[in-house]
Amino acid sequence: MGGGALLARVFRVEHDRGLGKLAHVRVFSGSIEPLPRGSGLVYESKASPARLLYRYQNHVETAVPEALQQGLHGWEVTDLKVTLLDGEHHHVHTHPLDFFVCTPMAIM
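Cut-offs and rules
- Going along each chain's sequence as written, the residues are numbered from 1 onward.
- Residue-level local features of this predicted model are given only where pLDDT is at least 70; pairs of side-chain atoms are given and counted only at 80 or more, and the full residue set underlies all totals for whole chains, interfaces and linings.
- To obtain the side-chain values, all non-hydrogen atoms of the structure were included, while hydrogens and water were left out.
- For two strands to count as paired, DSSP must find a minimum of two bridges between them.
- Helix numbers and strand numbers start at the N terminus; a helix is a DSSP run of H or I with at least 4 residues, a strand a run of E with at least 2.
- Axis lines are fitted through C-alpha atoms, for helices just across the contact stretch, and the angle between N-to-C directions can take any value from 0 to 180 degrees.
- Each salt bridge in this description consists of a side-chain nitrogen of Lys or Arg and a carboxyl oxygen of Asp or Glu lying within 4 Å of one another.
- Every residue carries a pLDDT, the predictor's confidence in it, which falls somewhere between 0 and 100.
- We call two residues contacting when some pair of their heavy atoms lies within 4.5 Å.

### Here's the deal with the sheet that holds strand β3 (residues 32–34)
Reading across the sheet, the three strands line up as β3-β5-β4 and stay open at both edges, with mixed pairing between neighbours. For this open sheet the edge positions go to β3 and β4 (41–45), each flanked by a neighbour on one side alone. For this sheet the average axis-to-axis angle between neighbouring strands, irrespective of direction, equals 15 degrees.

Below, the structure is given as structure tokens:
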């Protein structure tokens, strides 16, 4: 991954009932950019489908506007470009809902 510092690398692992869950969403500086007032939300994915399947990328895309609508401390965040640069899943332990949980943590 090129330029910029790592802002967040979020993953969730649960060990209840002997099952683990794994979802990674990586957000780097420069992948969240302000836009001019009134532009709304622009989302782009540059993640490789070899590392993060398209179906999981779609879950991240769905979770981003929901997280920004709630915002940090309940204040809606608008006029922003968010770029998904990378992510990771596990073919057995990842559930689609894992991305709905970790995406807001990665972008806030």
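Having put the structure on the table, let's press on.
### Some thoughts on the pattern of salt bridges
One pass over the full model with this rule turns up three salt bridges. Between D86 and R51 there is a salt bridge, and its shortest N-O distance comes to 3.0 Å. Within this pair, whereas D86 is found in strand β6 (residues 86–89), its partner R51 is found in the loop between β4 and α1 (54–70), the two being separated by 35 residues in sequence. The salt bridge involving E88 is made with R51; its shortest N-O contact spans 3.9 Å. Here E88, found in strand β6, pairs with R51, found in the loop between β4 and α1; they are 37 residues apart in sequence, far enough to count as distant.

### A closer look at the confidence of the model for the protein chain
Confidence in the prediction of the protein chain, expressed as mean pLDDT, is 78, and 72% of residues score 70 or more. Of all helices and strands in the protein chain, the one with the weakest mean pLDDT is strand β1 (residues 6–10) (43), whereas β4 scores best (93). In this model, residues 1–15 is a region of pLDDT below 50 whose contacts with residues beyond four sequence positions or in other chains number 39 contacts.

### Examining unusual backbone geometry
The phi dihedral of H73 is positive, around 60 degrees, even though this residue is not glycine. Here H73 lies in the loop between α1 and β5 (80–84). A positive phi is found at D79, a non-glycine position, where the angle reads about 55 degrees. If you trace the backbone, D79 turns up in the loop between α1 and β5.

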